[in-house]
Amino acid sequence: MIPFLTLAVVLLVFGLLLAGSAFLHRLGAADKKGGNLGENGLTMQGFGYGLTLLAFIFLLAVIYLFIEGTPWEGHLMEWLNIVVRLMHITFGIAWIGASFYFVFLENALNRTDNVREELAGNLWAVHGGGFYYLEKYKLAPKQIPKSLHWFKYEAYFTWLSGFSLLFVVYYFNAGSMLIDPKVLDVSPLAGVGIGIGSFVVAWLIYDLLCKTSLVKRGLLFAVLGLVLATAFAWFYCQVFSARAAYIHFGAMLGTLMVANVFFIIIPAQKAMVKAATLGQPLDPTLGKNALNRSLHNNYFTLPVLFVMVSNHFPSTFGHAYPWAILAAIALGTAGVKHWLNLREKHQPSGLVLPLSAGLLLAVAFVSAPKNDAGAAAACTPNVSMAQVQGIVQQRCVRCHSSSPTDDVFKSPPNGVVYDTPEDIIRLKDKIMQRVVVTKTMPQNNKTGMTQEERDLIRCWIEQGAKNQ
């Protein structure tokens, strides 16, 4: 039972945080400046949302302390994973959708036919049974409307939920999910520090490059960006497990994207709104710089989306050179986005799409498993189900069973169990891919499966996966 005094203190702190959130929301609503606290998009309402988030994080942390080591621990972590992942996907859809739409809008604007002097262009569109007419001003309208919508919270909450998911999946279980001693034997705390620190370093390098004249030389800037992205992919694969390296690469790109919004795009928009409201001259470079960073974000989206789903496909991160596969896929998906942007501007795209698709197909070919005829010939005749089941019992069922005994997984990952020979036979193709070909299971080889055991499983599958 939870002591009454402890419960009272927890509820008091939780209530005070929620009360503080409500107070900031009310204060922001009454403020003549709309609750703005600066030129970077910070608002009283934003801090109110932050207090609400802090309140629930505090409550979850207290609950975790009380159930740690009990069967409820795994249940809480699984549901936390579900909730945070759903939030991340939802906010990500909103953010990426807005990015796709506004870049499309910029590319598709009519800039010549009956366009007023003050406008940069306009666009007629039809959607959902209605007709829409949109106009873009060169700088700003003469009078700023009160009901001006800002696109920023989609970005902020996508990053916050993604960063939370990084903690839930990788940092809370850093010893099992993040660190692979065969790659680099460091402490979990050091691994977490390297991961977070790399995001800061990536932003400083990228932001510095964007403030040089190189940013005006599109192709050269893109090539340099690819080199730096590949360097980060290689670095992550020298520090973390391949699976965690992929996620950190995506988190690094996501951090660049949200930092663009927070440090560049929103402050530029705030400055333009302020100047227009006060009747001051507008600095056109603010809008150009913001648009440029927004375009960068647009090219980052497809590589980030690939990383979000990459953990389900070990043929990518399980390759002998996972960093090269990651860099090639990032380039190919960014190339597809470039083709879409050119198409929206009605510009010739040439070989952009064929080259991008060809690169992605080449990755699929390169990452395909090799047919080792010599190894097949060396197989022990008639490998028995009992031999395979003995290996699975020793190396796999601590996680993949109806009642896992693993210190991290309290329920079978992805619902995969190997309780019976029939379970093993039914999932033989998945076992072949994860255990034999890519060697990505057991996770970071936590249970120490040997190459001889992997070969024995391969032989059993190639001999028909029979239950003798």
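Some remarks on the side chain of Ser310
Structurally, Ser310 is set in helix α9 (residues 284–310). Residue class for Ser310 comes out buried when judged on its relative accessible area of 0%. A polar atom in the side chain of Ser310 sits 2.9 Å from the backbone oxygen of Val307.

Focus: the state of the cysteines
Two cysteines joined by a covalent bond between their sulfur atoms form a disulfide. Counting across every chain of the model gives one disulfide. What pairs with Cys379 in a disulfide is Cys459, and their sulfur atoms sit 2.0 Å apart. Between Cys379 and Cys459, the S-S dihedral sits near -85°, and the bridge is therefore left-handed. Linking Cys379 in the loop between α13 (373–377) and α14 (385–395) with Cys459 in helix α17 (residues 451–462), this pair joins segments that are 80 residues apart in sequence. Just as Cys379 is buried, Cys459 falls in that class too. Here Cys399 is not cross-linked by a disulfide; its sulfur's nearest cysteine counterpart is in Cys396, at 8.8 Å.

Regarding the environment of Val437
By the element assignment, Val437 lies in helix α16 (residues 428–437). On the basis of relative accessibility, which here comes to 30%, the residue Val437 falls in the partly exposed class. As for Val437 and Tyr170, which are separated by 267 residues in sequence, their C-alpha atoms are 24 Å apart. When near neighbours in sequence (up to four residues on either side) are disregarded, Val437 contacts Pro369 and Met432.

Some points on the pattern of salt bridges
Any two side chains of opposite charge can pair, so long as their charged atoms come close to each other. Inspection of the entire model under this criterion finds 13 salt bridges. Where Glu453 meets Arg395, a salt bridge forms, and the shortest distance between an N and an O atom there is 3.0 Å. One end of the pair, Glu453, is in helix α17; the other, Arg395, is in helix α14, and 58 residues separate them in sequence. You'll find Glu453 and Arg395 in the same group, each marked buried. With a shortest N-O distance of 3.2 Å, Arg458 and Glu462 are connected by a salt bridge. In this pair, Arg458 and Glu462 are both assigned in helix α17, four residues apart and thus about one turn of the helix distant. Overlapping salt bridges, with partners in common, bring together Glu106, Arg111 and Lys136 in one network.

Here we look at α9
The end-to-end C-alpha distance of α9 is 40 Å, a good match for the 39 Å that 27 residues give at a rise of 1.5 Å each. At Thr301, α9 is deflected by roughly 35°, the largest bend along its length, and proline Pro303 occurs up to four residues later in sequence.

Here's the deal with the packing of helix α7 (residues 218–239) against helix α11 (residues 322–344)
As a packed pair, α7 and α11 sit with axes 8 Å apart at the nearest point and diverge in direction by 145°. Considering the relative orientation of α7 and α11, their crossing is right-handed. Residue-level inspection shows Leu226, Thr230, Ala233, Trp234, Cys237 and Gln238 of α7 in contact with α11, the latter providing Pro322, Trp323, Leu326, Ala327 and Leu331. For the contact of α7 with α11, the class distribution of residues is nine nonpolar, two polar and no charged.

With respect to the packing of α16 against α17
Interhelical geometry of α16 versus α17 gives an angle of 150° and a closest axis separation of 10 Å. Comparing their axes, α17 and α16 come out roughly antiparallel. Regarding α16 and α17, the two cross each other, and that crossing is left-handed. Between α16, through Lys428, Ile431, Met432, Val435 and Val436, and α17, the contact on the second element is made entirely by Arg454, Ile457, Arg458, Ile461 and Glu462. Broken down by class, the residue content of the contact of α16 with α17 amounts to six nonpolar, no polar and four charged.

As for the environment of Ile247
With respect to the helices and strands, the residue Ile247 is situated in helix α8 (residues 242–278). As a C-alpha pair, Ile247 and Val307 span 60 residues in sequence and 6.1 Å in three-dimensional space. With near-sequence residues (within four places) excluded, Ile247 lies in contact with Leu166, Tyr170, Val307 and Asn311.

Considerations on the packing of aromatic side chains
Summed over the entire model, instances satisfying the criterion amount to 24 aromatic pairs. Pairing Tyr101 with Phe102 gives two aromatic rings, centres 5.4 Å apart and planes at 75°, and the pair type is edge-to-face. The partly exposed category is assigned to Phe102, whose relative accessible area is 38%. Between Tyr153 and Tyr156, the aromatic rings sit 6.1 Å apart at their centres with planes inclined by 90°, giving edge-to-face as the arrangement. Of this pair, Tyr153 and Tyr156 both sit in helix α4 (residues 153–171), three residues apart, which is roughly one turn of that helix. In this structure Tyr153 comes out as partly exposed when scored by relative accessible area, which is 27%. Of note, Lys152 hangs over the ring of Trp150, and the distance from its end group to the ring centre comes to 5.8 Å. For the cation-ring pair, Lys270 lies above Trp150, with the distance from its terminal atom to the ring centre recorded as 4.7 Å.

Scoring rules and cut-offs
Residues numbered from 1 in each chain as written. Predicted model: local features only at pLDDT ≥ 70, side-chain atom pairs only at ≥ 80, totals over all residues. Heavy atoms only, no water. Helix = DSSP H or I, 4+ residues; strand = E, 2+ residues; numbered from the N terminus. Buried < 20%, exposed > 50% of the residue type's maximum accessible area, 1.4 Å probe, protein only. Polar contact = N/O pair within 3.5 Å; in protein donor to acceptor, adjacent residues only side chain to side chain. Disulfide = S-S within 2.5 Å. Contact = heavy atoms within 4.5 Å. Salt bridge = Lys/Arg side-chain N within 4 Å of Asp/Glu carboxyl O. Expected span 1.5 Å × (residues − 1). Bend = angle between axes of the 7 residues up to and from the residue. Axes fitted to C-alpha atoms, helices over the stretch in contact; angles between N-to-C directions. Left-handed = near helix turned anticlockwise from the far one by under 90°. Nonpolar A, V, L, I, M, F, W, Y, C, P; charged D, E, K, R; others polar. Parallel < 35°, antiparallel > 145°, perpendicular 65-115°, else oblique. Phe/Tyr/Trp six-rings, centres within 6.5 Å; stacked < 30°, edge-to-face > 60°. Lys NZ or Arg CZ within 6 Å of the ring centre and 35° of its normal.

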